[in-house]
Structure formats: structure tokens, C-alpha cells
Amino acid sequence: MSDPATLRARAEGLAEALPPLLAEAEHLAQAVLLGEHGRRRAGVGDEFWQYRPAHAGDEARMIDWRRSARSDAHFVREKEWQAAQSVLLWVDDAASMGFSGERNHPTKAERARVLALAVAVLLMRGGERVGLTGAELPPRRGPLQLLRLAEALGADGAADYGTPDATGMPPHARAVFLSDFLGDLAPVEAALTEAADRGVKGAMLQILDPAEEAFPFDGRTIFESMAGTLSHETLKAGDLRARYLDRLAERKQRLSDLARVTGWHYSTHHTGEGAQGALLWLYRALERAQ
Amino acid sequence: MWTLGPIGFTAPLLLWALVALPALWLILRAVPPAPIRRRFPGVALLLGLTDDDTQTDRTPWWLLLLRMLAVAALIVGFAGPVLNPDAREPGRGPLLVFIDGTWADARDWARRMDRVGAALDEAARDGRPVAVVQATDLPEAGLPFQAAEAWAARLAGLDPAPWAPDPQRLADWATGLDGGFDTFWMSGGMEYAGRQELLSTFEASGDVRVFESARPLVALRPAEFADGAITLTALRARAGAETQVTLAATGRDPAGVERVLARVPATFEAGATTAEAALVLPPELRNRISRFAVEGVRAAGAVTLTDDSLKRREVALIAGRDNREGLELLSPLHYLEKALAPTADLVEGPLSDVILANPDVIVLADVATLAPAEAGDLQTWVEEGGLLLRFAGARLAASDVSRAEEDALMPVRLRAGGRTVGGAMSWGEPKRLRPFAETSPFFGLSVPDDVRVTAQVMAQPDPALAERSIAALTDGTPLVTRKRMGKGQVVLFHVTANAEWSTLPLSGLFVQMLERLAVSTRPARPAAAELEGTTWVPEAVLDAFGTVREAGTLPGVAGETLADARPGPGLPPGLYAGEDRRLALNVIGPEAALAPATWPARIPVEGLSVARETLLKGWLLAGALALLAVDILASLWLSGRLRGARPAAVAAVLLALALPVDAQAQADDEMALRATSEVVLAHVVTGDAQVDRIAQAGLRGLSQKLFQRTSIEPAAPISVDLETDELSFFPFLYWPVTATQPLPSSEAYAKLNRYLRTGGMILFDTRDANVAGFGGGSPEGRRLQQLARPLDIPPLEPVPDDHVLTRTFYLLQDFPGRHNSRDVWVEAAPPDAARAEGMPFRDLNDGVTPVVVGGNDWAAAWAVDDRGAAMFPVGRGYAGERQREIAVRFGVNLIMHVLTGNYKSDQVHVPALLDRLGQ
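Definitions and cut-offs
- Counting restarts for each chain: residues are numbered from 1 in the order of the written sequence.
- By the order in which they are written, chains take letters starting at A while ligands take numbers starting at 1.
- At least 70 in pLDDT is required for a residue's local features to be given in this predicted model, at least 80 for side-chain atom pairs to be given and counted, and no such filter applies to totals for whole chains, interfaces and linings, which use all residues.
- Strands here mean DSSP runs of E at least two residues long; helices mean DSSP runs of H or I at least four residues long; both are numbered from the N terminus.
- Working definition of burial: number of other C-beta atoms within 10 Å of the residue's own, with buried at 20 or more, exposed at 12 or fewer, and partly exposed in between, all C-beta atoms being placed from the backbone.
- Under the convention used throughout, the expected extent of a helix is 1.5 Å for every residue step, that is, one less than its residue count.
- What the arc measures is the spread of directions leading from the helix axis to the C-beta atoms.
- Residues are treated as contacting if the C-beta atoms built from their backbones sit within 7 Å of each other.
- Joined through C-beta atoms within 7 Å, a set of buried Ala, Val, Leu, Ile, Met, Phe, Trp, Tyr and Cys residues constitutes a nonpolar core.
- The criterion for strand pairing is that DSSP finds at least two bridges linking the strands in question.
- Axis angles are defined between N-to-C directions and span 0 to 180 degrees, where every axis is a line fitted to C-alpha atoms and, for a helix, only to the segment in contact.
- Geometric relationships in this document are graded by angle, where less than 35 degrees denotes roughly parallel, more than 145 denotes roughly antiparallel, 65 to 115 denotes roughly perpendicular, and other angles denote oblique.
- Here a crossing is taken to be left-handed if its near helix is turned anticlockwise relative to the far helix by less than a right angle, and right-handed if that turn runs clockwise.
- For this scheme, ten residues count as nonpolar: Ala, Val, Leu, Ile, Met, Phe, Trp, Tyr, Cys and Pro. Four count as charged, namely Asp, Glu, Lys and Arg, and the remainder, Gly too, count as polar.
- UniProt positions are given in the numbering used here, feature names are shortened, and annotations may be inferred rather than shown by experiment.

- Looking up chain B in an unreviewed UniProt entry gives the name Putative membrane protein (TIGR02226 family), with the organism given as Rhodovulum adriaticum.

This is the structure:
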């Protein structure tokens, strides 16, 4: 038992940080109107699906007597199969995500967290279970899970570039990777392959800052990565622009190819734009991934 | 000094530093700009990329050029460049700066002083002692040599004089000069006596340089008046091409403001040095002219003052006897008319009319008695400065005027009858005139032999007679007597104005005597002999720039010096006032001519517009600094540091500095928007927080009630500060009166009066009807009286039964608030308001009453709190609630009245209107 006073203080400190993120995510999720998302076949669920004539082998308690009383045959009331899916989120927490090209743009990490939490809110509202990849936070549902997610997403990693963690994914689950994918692509490839092996499908959203997309630099510049592990000096940054953009396009192409091969969905989102479009795309990508 | 074209360098060796520029170019090119460190996640994509061209990192050529220019400007700047350097050999020895200092210099005095300043600077550089001497203001003797700097400080104190140098004085001074010195002669371009001699003196002492302005020298001779036209003659020094000048006549207009009364162009023919112009003006206008001037020339010579010689006196002639038909020569006024017509404007008519015209002189020829009223007027007129000139005659001799005691309008007492000498029925010879005594104004006039006096009225011997007699016959009997009265005088000729009693009117002496008496104006200037013994006081003086100034306390001058004097140090040109007339002393005499100063060919003559040395160092250094500033911006831009939001931010900061945002104005705008986008009730802030709160709540309650019950849908009420807020937005002001309320400022009162006049309404509420009747002695009542005193409030009356307030929305007869007093006052109905036949109401004032005054504390009755509940109890029980309801209804009626005016009054006209429309 911890001291109630410190517990209270710690709880409040925690709550202080979480609700804004959660509130922002809820706010974002509010805008998406959920349609029906049942499995379109009979199964375990709450919603009525159809009446079918009772077969031999159906237990007597399965017969819907009210319906059967209106005719001579017996009917069984079937419900729509509404098995919950597990959705696993991987949000890149590396230092590179902390970049923002302009003061009034959110950092990529901020945007990624909001998007992740918003998609979690939406999914939970749809009855799915949401968790994080890895063993830290297995998929669960409920408001408490949202709070746990928010807390887990709040942490910043120390690495310069993030590598996706494909462990802890139950088979045939769905997954969402949110990152800038600016680091080495080999781990991404490996993670995706592993996921595809387990039948996990999902969506990759590459979040980029407008500055990374435009490379608006000139003059003699020393570029350093966010954690400072990499640096590159150029005498005339403007001359590198075309080649940088080529490399970026190449990388996007590679990610896109990778997604196609593994049956994932891939898109790019810029922090200069609103989060709404990205959320809609994520949500629809997850629906398609079913 | 080393010169390069028009530019010289004081430190030319520094220019060698320019050789280093190419080296600097190479160094600057070799050093790339400092790198910027940027955090950028995309660096992962950059790894391995090499720069295409290792040369491109170098500073671009234009930036290099910019820096080279800056450095070059610095080098050249420090080398001390001088534009138009004075390459002459520096002079040695003392320098005399000789300035003519006449009115001819005044045209461009400031530029001349600049030039002298330049000469002094030069002398200061060369370390020469300098003496600055003005020809019109010569030092006692010798040359006052001092350091050039000392003179430079005194230059501003030098002024030209409005006269030409005195040749005698100049010659005396020149003979006292010795020693060698160079001369810098600032010539006015006008020849004057003694100049040539002076030049040879200067040349004997050293080099002479002459500076002369190229500006033409123009002058104006005194105006002459002949045959009804004023002739003006303009002069110029050098005959040249045809030129036109405009001559302006200046004087006071009837309002007393000095202005140009007339303009006339004068044209110098090619090769001529004089130009004439004639100006014909009505006498009224002509008498007003005080001076003529050549327009656009600031010099005393181009201004000529006018004196009495231009003026024509108004003389009223009144005869006591009706003219007899056909006997023109016997008319008492005939000779006067003949004598005065050329030089005076004659006025005729009844005496009472003539006095109104305020002439300079009134002549009464043989008028004995005057009506008492006329006599009184005449006396006043004389004391105001008029000259009453009386002539004797049969009537005067026969009358009792001034017989026993002296008449106020007669200079002496008269004996009965008069006398006749030398006639057919009398003894003795006709009398002749005695020469005029020295004290007489006629002194100096020669008496012709043929003037005979055969009859005269006789003066009673009196102690004052000798003093008053200014002309006498040979036997000592007075012929002309004079008495001073106030500022004016009464003069009596003891003979008739026609030739009946004497031959005086036939002689030229008569005209001269009239002139001397200033009855008529003398056409010519008085001679020195005439002016002898008189003293003339300057009234206005002319400075060299042609500006007329008050003479102040300048001493008077003797008449003989004035007569043919040239202006000089003790005798400035101007207007001099004597006993009974004024004389103008002008710079240019009537015969004067302008001659240009001529210089021998050996003397170098320069114009004023000598290119002055200009130090370019400051400009170059400033230019270098500006270039370096540009370089900073360019470097920042080049290295990518000046990009994105930053220029926008810089621009925003600059804009913010350039356009200071007026927070007050913004607040005013907000309030104006709030007040005008919807109907808003307002109350005056009294300074008492509680009262203001209740007023606010009361108006809120009233606004709610209006919203619920009527089509008026007011927004939340506004508190108005009379001193700062605009009132015209509000149709209605509620003004609770407190005893301690400060009086508004006069600006606020002006605003309030404007508000009341343009249809606003104020409800004054003294809130004391429970303890005091209206206007009673309550403190609030007294305060209300003080507050309302400066307001433009019409007469008031208690609300009449048929006032439109009683029926604008509800039908009311009482106007209670928290208190129920019937003392509510509104603008009084016009006294002729009458009830039309068959109409229930009188046809009352057309408009909204600007004030409603009462003490029922309405705001407290209307007041509601935030939840809409009444804040204050009114009365007791149901009756109290009923009173509150009536109070609210009064409020509704009041606002309806404010917004609809006399609309409900007009309802009474509806039947008549319908009837006329045929329905």
C-alpha cells in the first residue's frame, strides 16, 4: 500500500497530462460517424440478424417462441456475429518524431499520438480491443484501457529513429504503425513480414513535417539528426534539394511496395494539414483490412 | 590637397588603400559563409550526398561587390573628399570684408551673409584676421580686425540699412585707412557717391575681389498725383530686355486690415531704365493707400510711402444765404469752390447730413445761428479733430452770435455791427493786411499789395484775442482768428468768403492761406523755409527690407532737415507727422535714378552662386554604413537565416511601430458598435457605485419588459461616461442625480447640449420624491439645478393630462417609480396649443420632450437582478405590485415616446386625413 497522500498526488499528476491528449483524441474521434460494422453473418453478438427455421440439433432453448407462435414452424433467432477484433498500435516514439519545422505546427510525435488515441477511441466505440504492440499493453477495451494507452503513448524514446515492434501480435489481428519511417527500413520490412506471416494486416501512416517534404534550406548548413547521432554538412543546401526529394520519393515508393506485398495500407500524412483526414483514412484502412 | 575633377582630397595618401581591394576580394571569396546547424530528421536521407560544385559555396559576386563598395566608400570617405574644392592659393595677411549694406543688398541678404560666411570660413582656415565693415555703418576709424570665427558669430546680427552710404563719412573713413590688407567687397550693385574713391583706396592696400548678385535691382519713385491719376515710376539699374513688374498699392481696408488695394503692371521697355504706370482710383480708395511697392522685391528702395500729398481732404461747404438766381459771382461759396475744387473733395448738403459724413473740414459761410442739436453735433465733431472754418458776412454781423459771451463755435466775441472802411459812406482808406507774425500759421506767405479789406466784423478786445488772432489788418484789427477745441479748431475769417467785403478771395493769398490751414492739400512738398522751426515725429519707419514698422520712441527731427534730406542714420525713411500733416521720407527721391556699380576690368567680379566647398566625408561614411547594413540582410538571406516567418515577423514589428494601435480608439469602436447595432438604453455614470448599479439594473429590467411586451427589443444597457463617451448613439439617457455628483466639464456640456438639440432625451431622476417635492430643498434637487443650469433646456411644465406620454403605449395618468409623486415635468406645451373641435387632445409640441424631470426613483422600481427578480420592494402588497406595474408601463411609454415621437399625437389627425382622402 502506498501512502494515500502521495498516491493522490501522483494520480493527479498523471491525470493532469492524460486528459488533454485524451480529450483531443475524443474530440477528433467525435467527428467520425460510425456506421454498422458487424460481420454480416450470423454469429455471436447482440444485434438481431435473422430468423431461420429450426434445424434438427438446435437446442430447444434456442427456439424463438414468440416468432414460432405466429406460424406452424419453429424458428431460431440468429444474431449477427460481432466478434471483437484486436487492434495493435505502434507509435514511433523516437527523437526524430519530435521535429517540427514551424512553431505553429505540432511535432510529428504529437500528431501521431493524437491520431493513435483517436483511432483507439473510435475502435473501442466500435467494440474492438485496442492495445500496443509488444508486451507492454495487450489489447483490451474500456475507458480504463484508453487511459492506459494515453499514459503509455506519453513516453518519449531515446533512439534517433524508431523501429517497429512486431511482437505480441495475436494472429489475424489488425495493426496500425504510425511513424515517419525516416530511419533504416530493414526493421520495418522485417516487422511487416512477420506481421504478414501471422496474418496481421493493418495500416502504415507515414507522418512527415512539411519541411521534410519541401526541404526549404539554403546555404552552408550542418544537418543533425534530432538525437545528434547523425550529421551531414553541406556547403550549399539548396543544391541537395532535388536529390533529397528523390530519395524521399524512393523511400515512399518502397514503403508503398512493401505495404502492397504484405497486404497493408500505406499513406502519408503531413503535420501541416488537419488530423481529420488522416483519422478517416486510418479508420477506413482498418475497415478494409478486415 | 589633391584634386580629381571637381573633387579634392584632404588626405589623398589614404586612397592607396584602394589598391588592397582586389586582395580583399580574393580573401572574401575564399572564405565561405559560416554554416548553420540545423536539427533535421531527414538527415538520414542526406547521408552520402556530396555537393556538386565546391565553388558554389563562395560568397556570390554581388555580395562581394556590395562589400567592396562599402570598403571603398570607407576608404574614400576617410581620404577626406571635398566637392568643389577651393583651389586658390590661400591668401595671407588681413582681410577686409566690405559690405555695402544698403537697401540694395536687402534683396538677397541671407545669401549674401552665406557668402560672407564662406569667405570667413576660408579666412579662418588660412588663419587670417578679418574686419567686416558695412558702408552704411562704418566704424569710428580704422579697421576692426579680429579672428574670423569671432566675426562669423556676429554675422547674424548684421542688417542692411535703408539708405545709401554718406559720401563724406566714407571719404573720411577711407583716408584713415593704412596698412596692407586684401578686400572682399560684397557689392549691392548700386552706384553711390564715393564708391570709386573707396575702390582706389582699397586697391592701393591690396587685392580686391568683388561679389555682386546677378539679380536685377528695381526701385520705385514716390507716387505723384496729377489730374486724378497716380503716376508711379519704377526704376531699374541695368537697362535690359523688356520686363514687366507689378506695382501694388497697400493700405487698410474698411475693416482696418492692411491689404493690397490695387495692382498695376509697369513695363520696362527694352533698353529703358524707367517704367511708368498710371493708377486711377476712387478717392475713397486712394485716401486709404499707405504705400506702393514693387511686388516680389524685398528692398526699401522698391517701397514708397505716401503722405498727405496723395490724400484729398473732404470739405463741406455750407452757406447761410440762399443763392440768388444768376448772381453766381456773389454766391458766398463761389470763390471757395474755385479755390478748393482742384485739391479737395467738396461735399454739399444740409449740415445735419454733412456732419454724418465726417468731412475733414466744414466751411460755414455767413451762417449765424445753428439749431442747438446741430451746434452740439458740430461741437463734438470739432473736438474729435474737425476743422470748422467760418466766414463772416452780413448775417453774422447782424446777429447776436457770440456777442455778450463767446459762442462755443466762434473763436472770439464779436462787436455788434462790424465796420466798413473806405466805402462811399465811410471815412478812411480800405485796409491792407499786415505781414504775418511768426506765430501765425501763415508766416512766410507774402502779402500782395492789392488785397484790400473794406468791411469786417470786429472782435471784442479780450485777453485771449492777441493769441487767437493769426492774421490782422494794418491797423491791428484781427482778420483771421483761431481757437483750438479738443483735437480740432475753429477758424473765423472776419470777412466774407466772396468779394463783397474784401478782395482777399480774389488773390492767390487766399488759396495759400487755405492750404496753410490744411483746408486744402498742397500739391507740392513744402520747402525747407516753410518747415523751419517745426518738429516732425516719425510715425512709421521703413527698414532695408521694405517692411514698415512702428516708429516707437524714435526722436523727432527738425523740419528743415526733413525738407530736402536724404535718409541717413538719424533720419530713417518713413512717415513723419507734423502739426497738421504728414510727410513721407522715401529711400528713392522723386528725381533719383539708379545707376549700376561699374568695376574696372582688373577687378574680379564673381556672382553669388559660387559653388561652395562641400565635404563629402560624412555622406560617404553614411553610405558605407548603409551598404554594410544591406550586407547584413543579404548575408542572412543568403545563408537561409532570413526565411519563413521571420521576415513576416520583422515586417509586422515594423508595421506595428509605424502604426501605433490606439487601444482607446479600439475600445471606442467596440462601444460604438455595441451601441449602434441594436437599440440600447443608457444611463449616466454618477460616480456613486450603488446608484450606478441600480440604474444599470433598472434599465436592464425595463429593457426586458420592453422586449417582452413591445416590438422594441433593446440590447443590454450601457453605462455612459459623459466626459469620454459619445452620446449620439443613444436615444435615451437615464440620469440619476446624486447630491455629490461632480459637474461635467464644459466639453461634456457642449456634448449634452448637442445631444438634446438633436433629439435625444434625458430622464433626470432626483430619487427623492418621498421626502421632497420637485425643486424643493433636497440636496439632489439643488444639485439638479446646478447640473442643468448650463443645459439647453426649454421651459418645463408638469405633465399635462393630454401629454403624449400618457398614451404612447399604455394609457396612463400617473408616472410612479418607487415613489409616487405627480411632480413629473416635461417640455411645456406651446402657449397657443388648443384643442381642436371634436378632438380628445390638444395638438401639442411637435417632437420629443428633451427632458423628463422627476424624483420617483424609477430605476429602483424597474430594477431586476440577474435572475429577473425585482431587486427592491415597491409599496406594500398588491397595491405595491400594481405601482411597480404602472412604473414599468411608464418606462414603456417613455421609451415609446422617445422612439416614436409624437406619433400618438398624430393619431388625432387620422379622422381628418381619412376625410380628406375621401374614404
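That shown, we press on.
**Some words on the overall build of chain B**
Item 1. On a plain count of helices and strands, chain B comes out with 26 helices and 40 strands.
Item 2. Per-residue burial for chain B yields a buried fraction of 36% across its 919 residues.

**Examining helix α11 (residues 372–383) of chain B**
All names here are of chain B.
Item 1. Helix length check: α11 (12 residues) gives 16 Å between terminal C-alpha atoms against 16 Å at 1.5 Å per residue, within 8%.
Item 2. Taken together, the buried positions of α11 are occupied by Leu378, Trp381 and Val382. Looking straight down α11, one finds its buried side chains confined to an arc of 95°; they lie on one side. Exposed and facing more than 90 degrees away from the buried side of α11 are Pro372, Ala373 and Gly376.
Item 3. The inward-facing, buried residues of α11 abut α10 (351–356), β21 (387–391), β25 (478–485) and β26 (488–493).
Item 4. Directly beyond the C-terminal end of α11, a positive phi value near 125° is found at glycine 385.

**Looking at the nonpolar core**
Residues and elements named next belong to chain A.
Item 1. The biggest cluster of nonpolar side chains holds 70 residues, and the ones touching the most others in it are Leu115, Ala116 and Ala120.
Item 2. Residue contributions to this core peak at 13 residues, all from helix α3 (residues 108–125).
Item 3. Setting aside chain neighbours within four positions, we find alanine 116 in contact with Leu89, Val91, Leu153, Val176 and Leu178.

**Describing the sheet that holds strand β5 (residues 174–179) of chain A**
Residues and elements named next belong to chain A.
Item 1. Judged by pairing direction, the sheet is parallel, and its five strands sit side by side in the order β4-β3-β5-β6-β9 without closing on themselves. Each edge of the sheet is formed by a strand with only one pairing partner; in this case those strands are β4 (129–132) and β9 (265–270). Strand after strand, the sheet turns through a mean of 20° between neighbouring axes, direction not considered.
Item 2. When strand β3 (residues 86–91) meets β4, the two strands line up parallel, connected through four bridges. Directly across from leucine 89, in β4, lies its bridge partner leucine 132.
Item 3. The sheet strands contacting helix α7 (residues 237–262) are β6 (201–208) and β9, and the helix crosses β9 at an angle near 145°.

**A closer look at the packing of helix α6 (residues 167–175) of chain B against helix α7 (residues 195–205) of chain B**
Residues and elements named next belong to chain B.
Item 1. α7 packs onto α6 with a crossing angle of 10° between their chain directions and a minimal axis gap of 10 Å. What the angle tells us is that α6 and α7 run roughly parallel. The interaxial crossing formed by α6 with α7 has left-handed handedness. Between α6 and α7, the residues in contact are Leu170, Ala171 and Ala174 and Glu197, Leu198 and Thr201, respectively.
Item 2. Within the contact of α6 with α7, the residues separate by chemical class into four nonpolar, one polar and one charged.

**Observations regarding the UniProt feature "transmembrane region" (unreviewed entry) in chain B**
All names here are of chain B.
Item 1. Per the UniProt record, "transmembrane region" (unreviewed entry) is annotated on residues 6–28 and 61–83.
Item 2. The span residues 6–28 shows a helical share of 35% and a strand share of 13%, and its end C-alpha atoms are spaced 33 Å apart.
Item 3. Strand forms 13% of residues 61–83 and helix 78%; the C-alpha atoms that close the span are 31 Å apart.

**Some remarks on the sheet that holds strand β7 (residues 221–224) of chain A**
Item 1. Sheet architecture is open: three strands sit in the order β8(A)-β7(A)-β3(B), paired in mixed fashion. Two strands in the sheet have a free side with no partner beyond their single neighbour: β8 (231–234) of chain A together with β3 (36–39) of chain B. Between one strand and the next, the sheet's axes are offset by a mean angle of 20°, whatever the strand orientation.
Item 2. The sheet contact formed by β7 of chain A and β8 of chain A spans four bridges and is antiparallel. When the sheet's bridge partners are listed, isoleucine 222 of chain A is paired in β8 of chain A with glutamate 233 of chain A.

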